[in-house]
Amino acid sequence: MRRDRRATAPPATSGAAALGGAVGWRRSTYSGAAGECVEVADLAARTAVRDSKRPDGPALSFRAGAWADFLDSVRS
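Once a new chain begins, its residue numbering starts again from 1 and follows that chain's sequence as written. A pLDDT threshold of at least 70 governs which residues receive local features in this predicted model, and a stricter bar of 80 or more applies before side-chain atom pairs are shown or counted, although totals over entire chains, interfaces and linings include all residues. The side-chain values count all of the structure's non-hydrogen atoms but skip hydrogen atoms and water molecules.

### Quick word on the pairing of strand E3 (residues 38–42)
Note the threshold: We treat two strands as partners when DSSP finds at least two bridges between them. Secondary structure follows DSSP: runs of H or I at least 4 residues long count as helices, runs of E at least 2 residues long count as strands, and numbering of each begins at the N terminus.
Summarising the sheet, strand E2 (residues 26–27) and E3 pair through 2 bridges and their orientation is antiparallel. Note on E3: the bridge partner recorded for Arg26 is Val40. As judged from the 5 bridges shared by E3 and strand E4 (residues 46–51), these two strands associate in the antiparallel manner. Looking across to E4, one finds that Val38 is bridged to Asp51. Once E3 ends, the chain turns through 3 residues before running back antiparallel as E4.

### As for the environment of Thr47
The condition that has to hold: By definition, residues are in contact when any of their heavy atoms lie within 4.5 Å.
Examined against the element boundaries, Thr47 turns out to sit in strand E4. Counting along the chain gives 16 residues from Thr47 to Arg63, while the straight-line C-alpha distance between them is 6.3 Å. When residues no more than four places from it in sequence are discounted, the contact partners of Thr47 are Val40, Ala41, Asp42, Leu60, Ser61, Phe62, Ala64 and Trp67.

Rendered as C-alpha cells:
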C-alpha cells in the first residue's frame, strides 16, 4: 500500500520574525485579556500559527488546505 506523504508531512517551522513584520497576525475574538492564545496569519499558500506570548519565537506553517481541514474538524 502506498502512503500519501503530503497527508503526513509535518508542518514547516520557522521563526515568526523571519516571516516579517508585514504579516498580518490576528487572534480569535474569543481570546481572553491574559494573552494566552495563538495568532494566525495568512500567507500566499500557507497559514502560519504562533504563540501570542512569544511573537518572536517559532511559528508553524501549514498548507492552507490542511489548516482549513483542521478548522472544519474543530468546529464540528
